[in-house]
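What follows is the residue order along each chain.
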Amino acid sequence: MTNSGRIELMAPAGDFTAMQAALDNGADSIYFGVEQLNMRARASMNFTIDDLPEISRRCSEKGVRTYLTLNTIIYDHDLSIIKTILDKAKESNITAVIAMDQAVISYARQIGMEVHISTQINITNIETVKFYTLFADTMVMSRELSITQIKKICDQIIKDDVRGPSGNLVEIEIFGHGALCMAVSGKCYLSLHSANSSANRGACKQNCRKKYTVIDQETGFEIELDNEYMMSPKDLCTISFLDQIIDSGVKVLKIEGRGRAPEYVATVVKAYREAIDAIAEKTFSQEKVTEWMSRLETVYNRGFWSGYYLGQELGEWSDNSGSSATQKKVYIGKGRHFYPKSNVAEFLIEAYDLTVGDKVLIQGPTTGSQEMVIETMQVDEKPDSEKAIKSDIITFKTDFRVRPSDKLYKIVQA
């Protein structure tokens with residue numbers, strides 16, 4: 001739980017590259033999955049149990065809290081691996097576990113590990129909060145609540161002196177940005193019925209993101225829809241009314257996106273970091289919101305809406321199956337060497353071309369996601385070159401360290 005007067009900014013981490021991007025851009029905490037027992041189990045990006053000590057080490061060096069997500073439905077045959085993962089997490093000094101199944105909550109409490117209640121529990125009132133104080137200090141509210149409802153719960157926690165196992169007042173966490181599910185707090189059965197692949201076991205097939213036709217079975221009449229993606233919500237974005245969220249008493253703001261690319265994590269976390277700081281410094285303005293929004297639109301999104309926080313009763317739906325991002329990245333090449341004395345990085349161009357003035361991304365497990373503009377470069381040892389093509393070896397200055405495993409991308413308009 002955060003001790004500062006500002007809201008805690010929690011960032012997703014699907015792999016070490018995304019995790020480093022979160023650390024570099026001002027996250028106060030990160031959350032991540034291990035192996036298969038989390039709600040992004042089908043994502044290609046998940047850590048292994050052996051990564052836990054390194055996750056803990058790198059985050060603790062930055063004073064960043066670490067939250068392990070074990071928030072799926074658990075069966076008897078899962079209990080052994082659950083205990084193994086939690087034991088290793090405790091041994092590695094992972095801060096807390098995010099859980100919804102009572103088996104996970106119970107075992108975490110047995111070994112003295114901090115518990116956060118997942119949104120899948122669907123907490124919507126103060127009495128439910130009080131019940132879970134037996135187990136947890138932090139609770140994620142249902143995604144369907146308004147700010148008014150959330151504020152009432154936060155106020156009641158103070159009024160009734162509602163405290164968790166630590167003895168501290170319970171902290172309320174909400175989702176602040178990213179993908180939303182059409183189901184109530186993420187509990188969906190479409191994927192299970194259509195493909196025997198349970199979303200509640202982290203194996204969602206994303207049926208809701210597809211295009212459907214609705215037909216009257218009695219007459220065969222095809223119902224014309226204004227929006228073909230009628231089950232695919234737009235992405236949540238709260239940056240324009242973040243001041244209201246902070247005023248409500250919420251203590252933790254969660255960015256969704258463990259399946260997203262590192263540049264998504266970097267861009268979103270940086271924007272919300274700046275917004276949180278601006279509110280604390282009383283410099284939050286519409287002009288800044290406009291600039292943050294333009295940056296958020298450059299990375300993966302399905303269009304934005306405010307969720308149910310402002311009292312809206314019905315969702316807003318996406319008008320396409322994929323991203324509406326205004327930019328995309330194109331792979332160019334891989335790192336070869338870094339010269340620390342001169343801060344010069346060397347790359348091999350393996351695809352496409354690169355020109356002075358291009359905006360690039362350099363990404364890697366230790367480097368994170370670094371964005372810069374190529375102002376000058378050397379191509380095959382020729383200084384002040386204007387353009388590089390496939391098979392060229394290029395060097396240019398950076399203000400961060402580059403590793404041989406790093407990848408170089410060019411950012412282009414989508």
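Residues numbered from 1 in each chain as written. Predicted model: local features only at pLDDT ≥ 70, side-chain atom pairs only at ≥ 80, totals over all residues. Heavy atoms only, no water.

**Student:** Run through the overall build of the chain, naming residues and quoting values.
**Tutor:** Within the chain one finds ten helices and 21 strands. Counting over 414 residues, the chain shows a buried share of 52%. Contacts spanning at least 24 positions in sequence make up 68% of the contacts within the chain whose residues lie at least 6 apart. (Helix = DSSP H or I, 4+ residues; strand = E, 2+ residues; numbered from the N terminus. Buried < 20%, exposed > 50% of the residue type's maximum accessible area, 1.4 Å probe, protein only. Contact = heavy atoms within 4.5 Å.)

**Student:** Go over the packing of aromatic side chains, please, and point to the residues and values.
**Tutor:** In this structure the tally under the stated criterion is ten aromatic pairs. Look at Y331 and Y409: their rings are 5.8 Å apart centre to centre, the planes differ by 75 degrees, and that puts the pair in the edge-to-face class. Here Y331, found in strand β13 (residues 327-339), pairs with Y409, found in strand β21 (residues 407-413); they are 78 residues apart in sequence, far enough to count as distant. On the basis of relative accessible area, Y409 is assigned to the buried category, the value being 12%. Three or more aromatic residues joined by ring pairs form one cluster here, namely F16, F32 and F47. Over the ring of Y264 we find R260; its NZ or CZ atom is 6.0 Å from the centre of that ring. Note that K329 overlies the ring of Y409, its terminal NZ or CZ placed 4.3 Å from the centroid. (Phe/Tyr/Trp six-rings, centres within 6.5 Å; stacked < 30°, edge-to-face > 60°. Lys NZ or Arg CZ within 6 Å of the ring centre and 35° of its normal.)

**Student:** Go over the pattern of salt bridges, please, and point to the residues and values.
**Tutor:** This model, assessed by the stated rule, comprises 23 salt bridges. We note a salt bridge from D235 to R302, for which the minimum N-O separation is 3.3 Å. Within this pair, whereas D235 is found in strand β10 (residues 235-237), its partner R302 is found in the loop between α10 (286-296) and β12 (304-305), the two being separated by 67 residues in sequence. We note a salt bridge from K334 to E350, for which the minimum N-O separation is 3.6 Å. Of the two residues, K334 sits in strand β13 while E350 sits in the loop between β14 (344-349) and β15 (354-355), which places them 16 residues apart along the sequence. On the basis of relative accessible area, E350 is assigned to the partly exposed category, the value being 29%. One salt-bridge network, held together by shared partners, links R6, D28, R273 and D277. (Salt bridge = Lys/Arg side-chain N within 4 Å of Asp/Glu carboxyl O.)

**Student:** I'd like a rundown of helix α6 (residues 147-159), residues and numbers included.
**Tutor:** Between its first and last C-alpha atoms α6 spans 18 Å; for 13 residues at 1.5 Å apiece the expected length is 18 Å, and the two agree. Restricting attention to buried positions, one finds in α6 the residues I147, I150, I153, C154 and I157. Along the long axis of α6, the arc covered by the buried residues comes to 125 degrees, so they all point the same way. Exposed side chains of α6 directed beyond 90 degrees from the buried face belong to T148, K152 and K159. Those residues of α6 hidden inside the fold are in contact with α5 (126-132), β7 (171-178) and α8 (242-247). Trailing α6 by a residue or two, D161 shows a phi angle of about 55 degrees, which is positive. (Expected span 1.5 Å × (residues − 1). Arc of directions from axis to C-beta.)

**Student:** Let's hear about unusual backbone geometry: which residues, and what values?
**Tutor:** Of note in this structure, D161 is not a glycine but carries a positive phi near 55 degrees. Position of D161 among the secondary structure elements: in the loop between α6 and β7. You can call D161 partly exposed: its relative accessible area is 43%. Notably, S391 is not glycine yet its phi reads approximately 85 degrees, a positive angle. Among the structural elements, S391 can be located in the loop between β19 (387-388) and β20 (393-397).

**Student:** Hey, could you go over the sheet that holds β21 for me, with residue numbers and the actual values?
**Tutor:** Strand order across the open sheet formed by seven strands is β17-β16-β21-β13-β14-β20-β18, with antiparallel pairing between neighbours. Unpaired on one side and paired on the other, β17 (368-373) and β18 (378-379) mark the two borders of the sheet. Sitting on the sheet, helix α1 (residues 16-24) touches β16 (359-364) and β17, and the angle it makes with β17 is about 65 degrees. (Pairing = 2+ DSSP bridges. Axes fitted to C-alpha atoms, helices over the stretch in contact; angles between N-to-C directions.)

**Student:** Residue-level account of the packing of helix α9 (residues 262-280) against α10, with values.
**Tutor:** Packing of α9 against α10 leaves a shortest axis separation of 9 Å and a crossing angle of 165 degrees. Put simply, α9 runs roughly antiparallel to α10. The two elements α9 and α10 meet at a crossing, and its hand is left-handed. For the pair α9 and α10, the contacting residues are T267, V268, K270, A271, Y272, E274, A275 and A278 in the first and K288, W292, R295 and L296 in the second. Looking at the contact of α9 with α10 residue by residue, the classes come out as seven nonpolar, one polar and four charged. (Parallel < 35°, antiparallel > 145°, perpendicular 65-115°, else oblique. Left-handed = near helix turned anticlockwise from the far one by under 90°. Nonpolar A, V, L, I, M, F, W, Y, C, P; charged D, E, K, R; others polar.)

**Student:** Give a description of helix α3 (residues 79-91) that names residues and reports values.
**Tutor:** Here α3 contains 13 residues, and its C-alpha end-to-end distance of 18 Å stays within 8% of the 18 Å for a straight helix at 1.5 Å per residue. Residues of α3 that are buried include every one of I82, I85, L86 and A89, and no others. End-on, the buried residues of α3 take up no more than an arc of 95 degrees, which puts them together on one face. Summarising the geometry of α3, the exposed residues directed more than 90 degrees from the buried face are S80 and E91. Where α3 is buried, its residues meet α2 (52-61), β3 (65-70), β4 (96-99) and α4 (102-110). A positive backbone phi angle near 65 degrees is found at N93, which sits one or two residues after α3.

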